Amino acid sequence: MAGYGRIEFLERGSYRQRRLRDAARMLPVFAAVLMLLPLMWPRDTPDQSLTSSGILYMFGLWIICVFVAFVLSFLLRSEPNEKDEHQGKTP
Amino acid sequence: MISFNLLVFVSIAYVVFLFLIAFAAERRAAQGRTAWLRSSAIYTLSLSIYCTAWTFYGAVGYAARSGLEFLTIYLGPTLVMIGWWWLVRKLVRIGRTQRLTSIADLISSRFGKSAVLGVLVTVLAIVGTTPYIALQLQSVTQSIAVFAASSGEVWAAADLNGAAMWVAIGLAVFTVLFGTRNLDAHERHHGIVLAIAVEAVVKLFALLAVGVFVVWGIAGGVGPTMDLIDASVQSQWAPQPSRWIGLIFVSAAAFLCLPRMFQVLVVENSDERTVSTASWAFPAYLLLMSLFVVPIAVVGLDLMPEGANPDLFVVTLPLSQGREGLAILAFLGGFSSATSMVIVATLALATMVSNHIVVPGWLNARTPGATISGDVRGVVVMSRRISIGVILALGYIYFRLSGGGAALAAIGLVSFVGVAQVLPAMIGGVFWRGANRWGAGAGIAVGFAVWAWTQFLPSFGVDAVISQSVFANGPLGIAWLRPTALFGIDGMDPLVHAIFWSMFLNSAALIVVSICTFPNPLERIQGAQFVNVYDYSSGARTWSQSAARAEDLLVMAQRILGGAEAQRIFQAEAQSQGKKGFLPDVTPDFIGRLERELSGSVGAATAHAMIGQLTEGAMVSVDDLIAVADETAQIMEYSSQLEAKSAEQDRTARALREANEKLTALSIQKDAFLSQISHELRTPMTSIRSFSDILRDSEVEDEARKKFAGIIHDETNRLTRLLDDLLDLGVLESGQVQLNVATGLLVDVLDRAVMASGVHDHDLVILRRAANEAVSVNTDLERLSQVFINLISNAAKYCAVDAPELRIIVRHLNGQTVVDFCDNGAGVPDESQSLIFEKFSRLEDAGKAGGAGLGLSICRQIMTALGGDVTYLPGQSGAGFRVTIPAEIALAEQ
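Residues numbered from 1 in each chain as written. Chains lettered and ligands numbered in written order. Predicted model: local features only at pLDDT ≥ 70, side-chain atom pairs only at ≥ 80, totals over all residues. Heavy atoms only, no water.

Draft legend 1. Quick look at the overall build of chain B. The number of helices and strands found in chain B is 35 helices and nine strands. Out of the 894 residues belonging to chain B, those deemed buried represent 53%. Look at the contacts in chain B between residues 6 or more apart in sequence, and 79% of them connect residues 24 or more apart. As displayed, chain B has an accessible area near 38400 Å², and 59% of this comes from carbon and sulfur atoms. (Helix = DSSP H or I, 4+ residues; strand = E, 2+ residues; numbered from the N terminus. Buried < 20%, exposed > 50% of the residue type's maximum accessible area, 1.4 Å probe, protein only. Contact = heavy atoms within 4.5 Å. Areas by Shrake-Rupley, 256 points an atom, 1.4 Å probe, with all protein chains shown as cover.)

Draft legend 2. Molecular detail of the pairing of strand E5 (residues 776-780) of chain B. All names here are of chain B. Burial within E5 is extensive, with five of its five residues counted as buried. When strand E3 (residues 741-745) meets E5, the two strands line up antiparallel, connected through five bridges. Across the sheet, the residue bridging to alanine 742 is threonine 779, located in E5. (Pairing = 2+ DSSP bridges.)

Draft legend 3. Highlighting the sheet that holds strand E6 (residues 805-813) of chain B. Residues and elements named next belong to chain B. In spatial order, the strands read E4-E6-E7-E9-E8; together these five strands make up an open sheet with mixed pairing. Of all strands in the sheet, those bounded by a partner on one side alone are strand E4 (765-768) and strand E8 (869-872). Neighbour-to-neighbour, the strand axes of this sheet turn through a mean angle of 20 degrees, independent of strand direction. Of the strand pairs in this sheet, E8 and strand E9 (residues 880-885) are connected by four bridges, and their pairing is antiparallel. Of the residues in E9, the one forming a bridge with tyrosine 872 is phenylalanine 881. Along the sheet, helix H34 (residues 855-866) contacts E8 and E9; its crossing angle with E8, the most-contacted strand, is approximately 140 degrees. (Axes fitted to C-alpha atoms, helices over the stretch in contact; angles between N-to-C directions.)

Draft legend 4. Representation of helix H30 (residues 702-734) of chain B. Residues and elements named next belong to chain B. Between its first and last C-alpha atoms H30 spans 47 Å; for 33 residues at 1.5 Å apiece the expected length is 48 Å, and the two agree. All of the buried residues in H30 are Phe708, Ile712, Glu715, Leu719, Leu722, Leu726, Asp728, Leu729 and Leu732. Backbone geometry just after H30 places glycine 735 at a positive phi near 75 degrees. (Expected span 1.5 Å × (residues − 1).)

Draft legend 5. The arrangement of the confidence of the model for chain A in detail. All names here are of chain A. On average, residues of chain A score 75 in pLDDT, and 74% of them are at 70 or above. A low-confidence stretch, residues 1-5 stays under pLDDT 50, and its non-local contacts, those more than four residues away or across chains, total five contacts. Confidence drops under pLDDT 50 across residues 80-91; counting only partners more than four residues distant or on other chains, this segment forms 22 contacts. (pLDDT = per-residue confidence, 0-100.)

Draft legend 6. Just the interface of chain A and chain B, in detail. Across the boundary between the two partners, chain A contributes 41 residues, which contact 43 residues of chain B. Contact between chain A and chain B buries roughly 3600 Å² in total, counting both sides, with carbon and sulfur atoms accounting for 72%. For the interface between chain A and chain B, the tally reads zero salt bridges. Counting across the chain A and chain B interface gives six residue pairs in polar contact (both at pLDDT 80 or more). Residue assignment for the side of chain A that touches chain B shows that the elements contributing at least two residues are helix H1 (12-36) and helix H2 (51-77) of chain A. Ranked by the residues each element gives to the side of chain A that touches chain B, the list is headed by H2(A), at 16 residues. Within the side of chain A that touches chain B, the residues separate by chemical class into 26 nonpolar, eight polar and seven charged. (Buried area = accessible area lost by both parts, 1.4 Å probe. Salt bridge = Lys/Arg side-chain N within 4 Å of Asp/Glu carboxyl O. Polar contact = N/O pair within 3.5 Å; in protein donor to acceptor, adjacent residues only side chain to side chain. Nonpolar A, V, L, I, M, F, W, Y, C, P; charged D, E, K, R; others polar.)

Draft legend 7. Looking closely at the pairing of E6(B). Residue and element names in this part refer to chain B. Of the strand pairs in this sheet, E4 and E6 are connected by four bridges, and their pairing is parallel. Residue pairing for E6: arginine 768 is matched across the bridge by isoleucine 808. Where E6 meets strand E7 (residues 816-823), eight bridges bridge the pair, whose relative direction is antiparallel. Paired with isoleucine 808 across the bridge in E7 is phenylalanine 821. Where E6 hands over to E7, the hairpin turn is made up of two residues, of which asparagine 814 adopts a positive phi near 50 degrees.

Draft legend 8. Main features of the pattern of salt bridges. Residue and element names in this part refer to chain B. This structure, assessed with the given rule, holds 18 salt bridges over all chains. Residue arginine 65 is joined to aspartate 311 by a salt bridge in which the shortest nitrogen-to-oxygen separation is 3.1 Å. With arginine 65 in helix H4 (residues 58-66) and aspartate 311 in the loop between helix H15 (293-303) and helix H16 (313-320), this pair connects stretches of sequence that are 246 residues apart. Look at aspartate 311 and you get buried, because its relative accessible area is 15%.

Draft legend 9. Molecular detail of the nonpolar core. Residue and element names in this part refer to chain B. The biggest cluster of nonpolar side chains holds 193 residues, and the ones touching the most others in it are Phe70, Ile107, Leu256 and Met426. The residues contacting phenylalanine 70, other than those within four sequence positions of it, are Ala59, Tyr62, Ala63, Ser290, Val293 and Val294. Membership of the second largest hydrophobic core comes to 43 residues, among which are Ile677, Leu746, Val810 and Leu866. (Core = buried A, V, L, I, M, F, W, Y, C linked by side-chain atoms within 4.5 Å.)

Draft legend 10. Structural view of the packing of aromatic side chains. A full pass over the atoms with the stated rule returns 27 aromatic pairs over all chains. Note on A:Phe70 and B:Trp280: the rings are 4.7 Å apart at their centroids and 85 degrees apart in plane angle, and the pair reads as edge-to-face. Placement of the pair is A:Phe70 in helix H2 and B:Trp280 in helix H14 (residues 273-291), with the two residues belonging to separate chains. The class of B:Trp280 is partly exposed, set by a relative accessible area of 23%. Summarising the aromatic geometry, the rings of B:Phe788 and B:Phe821 are spaced 5.3 Å apart at their centres and angled 45 degrees between planes, so their arrangement reads as tilted. Residue B:Phe788 is found in helix H32 (residues 781-798), and its partner B:Phe821 is found in strand E7; the two are separated by 33 residues along the sequence. Accessibility expressed as a relative area gives 0% for B:Phe788, which makes it buried. The class for B:Phe821 is buried, based on a relative accessible area of 2%. In textbook terms, an aromatic cluster arises when at least three aromatic residues are bridged by ring pairs, as seen for B:Tyr50, B:Trp54, B:Tyr132, B:Phe255, B:Phe282, B:Tyr285 and B:Phe416. One cation-aromatic arrangement involves A:Arg19 over A:Tyr15; the distance from NZ or CZ to the ring centre is 4.7 Å. (Phe/Tyr/Trp six-rings, centres within 6.5 Å; stacked < 30°, edge-to-face > 60°. Lys NZ or Arg CZ within 6 Å of the ring centre and 35° of its normal.)

Draft legend 11. Region of the structure containing the side chain of A:Ser52. Checked against the element boundaries, A:Ser52 lands in helix H2. What makes A:Ser52 buried here is its relative accessible area of 8%. Look past the residues within four positions of A:Ser52 in its chain and what remains in contact with it is B:Met226, B:Ile229 and B:Asp230.

Draft legend 12. Local environment of helix H7 (residues 103-110) of chain B. All names here are of chain B. Of all eight residues making up H7, eight are buried, and the element is well covered by its neighbours. Those residues of H7 not exposed but buried are Ile103, Ala104, Asp105, Leu106, Ile107, Ser108, Ser109 and Arg110. Looking one or two residues past H7, glycine 112 carries a phi angle of roughly 70 degrees, positive in sign.

Okay, structure coming up:
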């Protein structure tokens, strides 16, 4: 948004926070793509794409998502200022 | 063998326990100790009402029938929560700043506090949720029936119905007691939230306990369980891509749009930071809830007799293994899932019904303009209590009418798709300022209609609502309107078909109608507030200077918020304005704030309408906005005028400064001129006086006397000439010269000038080309000739070479006639070229030329008066002067 006199380049700390927010935004996108991956598994013979492998894959993915979300939420929690929120789209 | 009475006793004890917990939480909250009630853990657990009895019991059945597809119901919410930075965070912030009370309030408030949209969303929510409540009642009665059967009794339908009725009544009492206890300005219910948090723990613990028992107690560990899974009918996992994607999408949408989910996710949230914790904790909760679903299903299919209902494996499997305690725990888990969902869903719906249907209707029914009398607070609370009863009664009736059969099992997904119709309006409203109420209304209405036609009505079965012929041939024989093959696209999965067309047409209607229509000012203000919620911390100022009196507002606020709360708000406002007492000045800010407080109790549209009654419609209208815009334009114009004036003053000042400099320079010139002229006059006067003295005082010889008289005569002539020149110059400079314009040939003028200059061939050879000189000119010929004479005699005087020559060349340049006078002398040095036209400027000794140095100055003044010019022409062999005769006069005669 023009008119706020936004800052083009940020100092290191704020820059890191911005990238963490980017990570928080991107996490569900990656998770969604990986959730669709099993649709492409081969299913030519009965011993392929076993339900047990599906369980291992899906729950493994789920645990990783929870872990990454946990780390991100911990890091974003320490965010000191909410005031520069309107600059959230600054690259 | 477990006795049925024991089960009833345990159930009642559990319910009493929940009542006590809720009661304790309310008491603590009343004492102001709410910190732990607002903790992240409680918030995360309260989100678990997403897992209803349908997921507690039904997930196992789903897995037994369709394998891993049941996971989609949990993956959607997982994506929403780990992507909280996109949407949930924004919704929570909006919910807090706008004091939202429900999802209908969100839509209504965003789109200009539209009452119609509030009603539309409320109706959609009731239609979508009532069957779901019926499903919960069914699951509780079915699980009770299992225990009854195992104790040797077989329940008749009447008994089941009776049990369902008692459960419904119990839930109604609980919800009324803790849901409508206080008309909180923040619409937060600590008792209910804590109770459902406890239930969340119970159901998770119950499911995990059954799962652990099945995997390690029956199957014999993880490895054997996996082998069992791969040996079952569901050995290969072959998801249908369209269903997989569609179900993940619709469960994510429902997670956001289900009234009960919005209630716990946004309305009951009091601290944004708890969302950050829930972003990972809630997915983890869902993961644990679904971890043992497949093992329970597979082991159940393996052990239970053919034809056993897989939906009830969670209870029947421990029961068949003689684990009655575990079975009771599982029953309590299912009971918890069902009751917590029903309580919050009923509460959310009741809030919507009372805020968007009952109270506005009640206000409208009163004579317009009259101030509000009677206790609105009582009306709101009573309407909520009645709504709770009615909604639960509707659920019960639906349960009875549908017969509690398998038709109900499918209602979960039907309900999901139904409430998801709010999603486009929600997303559009939160991210797109261009979305307006016409678009939102059109989108929701279209989505609602398509959903009802393609999924809701067909879900009752063929010939129940829609006849077989309509399924096969479309309504009135219109084939492209067949409920399962819209636009003639046949063969899609019915669920995916309904999801796709309802969401697609819904979004398309929202976008197209929003683009084609225009929002009102309030909508635009609200739109900016919602979309840019992080930029605005304060609310919108939608009230202009109002006619309302503080006392009227206080009276009304007391009726809605209660005396103590209203007085507290008014007193705080008065204090912040620096006033004592309870009555602050009625400023637009204060009215805006008060409206938000009220909307926390009765919804945005109603609060807006009530304030509107008191302020006599003093809200912002288009005219007001135009007036404001005009005022702004006027101010801008005024300021640009000021700017222009100041620029003009700058210019004037600069001009004055320049004029001053010029005057100073002129004054210096005048001084120089005077000293010059006195010098010029004194020199001849001195010699005249000396010679006349000699003639008077002494005896002078005749010869000498003659000589002296001659000198005196010459000097007098010189003086006369000087004075003539000065007079001439004075007349020319003042611009009062009389021009005697006549037409003549240039050659005649030149002839006369050469003759008059008295130059002889031995002094100066004048070279001319008569052919070029036959030009007719229309000007003051005498004056022009004077200029020529001056230039010719100058050449004669200053051209100091052995054979002086003067070339006089007439040319036509750019349509003008120019006459060049070029001699073969030394010329004028560069540095002096700009000075020669000045008065009294002479390049050499004055005596030699015998002039006062006014000649060229007079020439220039004459040519200027004639409209032409005389300039020095550099780059010739000697001195060159160019006389330019004005074009128009010269040309006119040709």
